[in-house]
Amino acid sequence: MDMDNNVDMFRTLSDPLLIIILSFLPFHEAVRTCVLSKRWSHLWRETTNLDFNENFFVKRGANEAEEVEKLQRNGFISFVRQFIVNYPQKGIQRFNLACSKPNDFPEDMQNFFSFSISRNVREFGLDFSCPTWREHALDNHDPVFELPLHFYEYKNLKSLTLFSCSFDMHKFANFNVLKRLSLGWIQLSVDSIKVLLKSCPILETLSLKKCWKMEHFEICLPNSNLKELVLEKCEFVQHWFLFDGPNFRVFKYSGKVGYFHMENQSDMVEADLDFSAETEFGEVGTLLYDLLQELYAVQVLTVCSVFLQLIPSGEEPFGLQSPLNVRHLNLKSALHPNEYWGIKFMLKSCPLLEKLTIHIGPANIFSDYEPPYDFNPRDFWSKYLIVESCITRTLKVVEVKGFKGTRNELYVIAYMIQLGQVMEQLKIYIVNDGEITTEYIQRAQVLLQLRKASENLRISFC
Amino acid sequence: MASTDDKVILKSSEGECFEVDMAVASHLQIVKSVLEDCEGSSDKVVSLFIVEAKYVAMIIEYYKNYVELKEKHEEGGFEEKLKEFEKQFLEQIDKKELKGLVMAVNYLNAPALFDVVCTAIAKHIENKSVEYVREYFGIVNDFTAEEEAQIREEHRWAYDGVNDD
């Protein structure tokens, strides 16, 4: 094989091979390669990974009048129109369309469906939601577009995404090779979920975003193939969740705290819990405690600030009675003193922890927070310490993202440096805030002066 | 059909021979079809005419680990472990080798590794400035300044919000 030192690494690669590589890129990134050289100027037109998103074309500034927006949207649709008219490939992997006014272009919409079907699309997605809709707001928006009848005849879909697009779930039986289904901005019921799951027997991933009016949520289906469930900001009449049958590998939830009942989730690898929708410090610690117990097998766990504030108010203030299997813990935290007991709780409950990532960012800090015991935030991490076993025995890598060097941040990080006996790596990602950044960097230098508990610890700043 | 205990010999373009478990070699579609074509013959040598020994070794290393990890983590966790290994695997490969590897893997029709290599190449394009991509891959810009400006203008939407690397 020709391995000369010619500068152009792609020279000997054929166009079809380059097109395959381009198809691994997000669509707009593939488009950008048109300017690399003459050879590349048209290759992007053959990528099989099509993703047309009006938000690249329509700029929603406060000053932009509706007329301007309309013109920009017309420009967007005519770009898509041009693209598919000239498209030379016979098959496509993905067709995604995000457009907030589909009914302004009925003929084009029909063409997009025909095009996708004729190219034997595998992953199909429609997003008719509008970026101005707020995800946390309770006002729901009825879908303006309906999935055309002939689309249900198409049987080769592996992945389907429908946002703000209505559909007839009883016709889903045709999509029997579907593995991923993602629904959003639509009214759903517990029964409709049942129908969907029965219709799509090999479905592996179900993702619901901002769906409303569900009475509660349950999946009771023996021998289900479902491996991944994502519930994002959905609205339930009652927040109770029952899972019996599927052996999930991944479970992601964002919304209000509820009652979760999961039958034997021994296969679960990853869980992400985001309760930032909770607005007050209520008596829900026990519910979270019970949920955490059911996630006993999870290896990668992500929890939010609200979780950290609430968890010690449950059954036990210091940690779970039976420990977790977590190896990598992600804390989305403001590192506020309200979260200290919760952080200790999690460290105590994860005796096998190898990696800790702290994502520092704004959080819902409860003004009516009550700690399990009174404490002084200044000496919480240094006085009367009971050091968790993961800190002395297993924790090797700590990453801190969004570092500004506040006192609270330094307390927590110093704790890891001074007591982490087997620590190998501490990576601190400093926030880039223009001029103040140098101050953050200076504050970070303080950490280098500390006595390290582990000789092998390398501290790096990025 | 060969049982999984069997061995097969893969011959590189230089004529170097590699003895490989069938369980590993069967991930290369081209090897599989060659062997199926001469079923019954005792000769288990497959010539990979255009693939250099260096790449044969890399490909074998990848699939050996793939097979071992799959066996070891049958109960679950295979995908995570494979990702970890893939990361290490790619760290040892420079950009020239990446090109050689993508051609070799494409020729041998080995889907899992092909995806890994293509993703690795795509990573050097994604979120990078045009200048970075040209520099990294040694692409010579044969546009005039006017032509380039015109093309950029035509697809201006795609250039908004790039983090230059």
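As recorded in an unreviewed UniProt entry, chain B goes by the name SKP1-like protein, listed as coming from Erythroxylum novogranatense. What UniProt records for chain B under Sequence similarities (unreviewed entry) is the sentence "Belongs to the SKP1 family." In the Pathway (unreviewed entry) part of its UniProt record, chain B is described as follows: "Protein modification; protein ubiquitination."

Looking at an unreviewed UniProt entry, one finds chain A named FBD domain-containing protein, with Erythroxylum novogranatense as its source organism.

Quick word on the overall build of chain B
Secondary structure summary: chain B contains nine helices and three strands in total. Listing each helix as α and each strand as β along chain B from the N terminus yields β-β-α-α-β-α-α-α-α-α-α-α. The C-alpha atoms of chain B give a radius of gyration of 20 Å, which is well past the 15 Å a tight globule of 165 residues would have. In terms of overall dimensions, chain B has C-alpha extents of about 65 × 40 × 25 Å along its principal axes. Buried residues in chain B amount to 42% of all 165 residues. In chain B, the share of contacts with a sequence separation of at least 24, taken over all contacts with a separation of at least 6, comes to 59%. Summed over all atoms, the accessible surface of chain B reaches about 9,200 Å², with 47% contributed by carbon and sulfur. Of the charged side chains in chain B, 19 are positive and 36 negative; the average position of the first set lies 3 Å away from that of the second.

What to know about the interface of chain A and chain B
Tallying the contact residues gives 38 residues for chain A and 47 residues for chain B. Taking both sides of the interface into account, the surface hidden between chain A and chain B amounts to around 3,900 Å²; carbon and sulfur atoms contribute 69%. Here chain A and chain B share one salt bridge between them. Among the ionic pairs, Glu80(B) bridges to Arg249(A), the shortest N-O distance being 3.6 Å.

Digging into the UniProt feature "domain: FBD" (unreviewed entry) in chain A
Here the UniProt feature "domain: FBD" (unreviewed entry) sits at residues 389-462 of chain A. Counting secondary structure, residues 389-462 of chain A comes out at 36% helix and 23% strand; the distance between its end C-alpha atoms is 29 Å.

A word on the pairing of strand S2 (residues 94-98) of chain A
Residues and elements named next belong to chain A. With five bridges joining them, strand S1 (residues 49-53) and S2 adopt parallel strand pairing. Each bridged residue has a counterpart across the sheet, and for Asn53 the counterpart in S2 is Ala98. Pairing geometry for S2 and strand S3 (residues 123-127), over five bridges, is parallel. In the sheet register, Ala98 faces S3, and the bridge partner there is Asp127.

As for the packing of helix H3 (residues 53-72) of chain B against helix H5 (residues 95-108) of chain B
Residues and elements named next belong to chain B. It is at 10 Å that the axes of H3 and H5 come closest, and there the two elements cross at 75°. Here H3 is positioned roughly perpendicular relative to H5, judged by the angle of their axes. For the pair H3 and H5, contact is made by Lys54, Tyr55, Met58 and Ile59 and by Lys96, Glu97, Gly100, Leu101, Ala104, Val105 and Leu108, respectively. Residue composition of the contact of H3 with H5, grouped by class: seven nonpolar, one polar and three charged.

Focus on the UniProt feature "domain: SKP1 component dimerisation" (unreviewed entry) in chain B
UniProt tags residues 113-158 of chain B as "domain: SKP1 component dimerisation" (unreviewed entry). Along residues 113-158 of chain B, the helical share is 70% and the strand share 0%, with 30 Å between the first and last C-alpha atoms.

Observations concerning the packing of aromatic side chains
Residue and element names in this part refer to chain A. Across all of its chains, the model carries 66 aromatic pairs over all chains by this definition. Their ring planes at 85° and their centres at 5.5 Å tell us that Phe27 and Phe83 sit as a pair that is edge-to-face. Taken together, the residues Phe27 in helix H2 (residues 27-32) and Phe83 in helix H3 (residues 66-85) connect sequence positions 56 residues apart. Side by side, Phe27 and Phe83 carry an identical accessibility label, which is buried. Measuring from ring centre to ring centre gives 5.9 Å for Trp44 and Phe83, while their planes differ by 35°; the resulting arrangement is tilted. With Trp44 in the loop between H2 and S1 and Phe83 in helix H3, this pair connects stretches of sequence that are 39 residues apart. Phe83 sits in the buried class, given a relative accessible area of 5%. One Lys or Arg, Lys401, reaches over the ring of Tyr429 and ends 5.3 Å from the middle of that ring.

Rules behind the numbers
- Residues numbered from 1 in each chain as written.
- Chains lettered and ligands numbered in written order.
- Predicted model: local features only at pLDDT ≥ 70, side-chain atom pairs only at ≥ 80, totals over all residues.
- Heavy atoms only, no water.
- UniProt positions renumbered as here; feature names shortened; annotations may be inferred.
- Helix = DSSP H or I, 4+ residues; strand = E, 2+ residues; numbered from the N terminus.
- Rg over C-alpha atoms; globule rule 2.2 N^0.38 Å.
- Buried < 20%, exposed > 50% of the residue type's maximum accessible area, 1.4 Å probe, protein only.
- Contact = heavy atoms within 4.5 Å.
- Areas by Shrake-Rupley, 256 points an atom, 1.4 Å probe, with all protein chains shown as cover.
- Lys, Arg positive; Asp, Glu negative; His and termini not counted.
- Charge placed at Lys NZ, Arg CZ, Asp CG, Glu CD.
- Buried area = accessible area lost by both parts, 1.4 Å probe.
- Salt bridge = Lys/Arg side-chain N within 4 Å of Asp/Glu carboxyl O.
- Pairing = 2+ DSSP bridges.
- Axes fitted to C-alpha atoms, helices over the stretch in contact; angles between N-to-C directions.
- Parallel < 35°, antiparallel > 145°, perpendicular 65-115°, else oblique.
- Nonpolar A, V, L, I, M, F, W, Y, C, P; charged D, E, K, R; others polar.
- Phe/Tyr/Trp six-rings, centres within 6.5 Å; stacked < 30°, edge-to-face > 60°.
- Lys NZ or Arg CZ within 6 Å of the ring centre and 35° of its normal.

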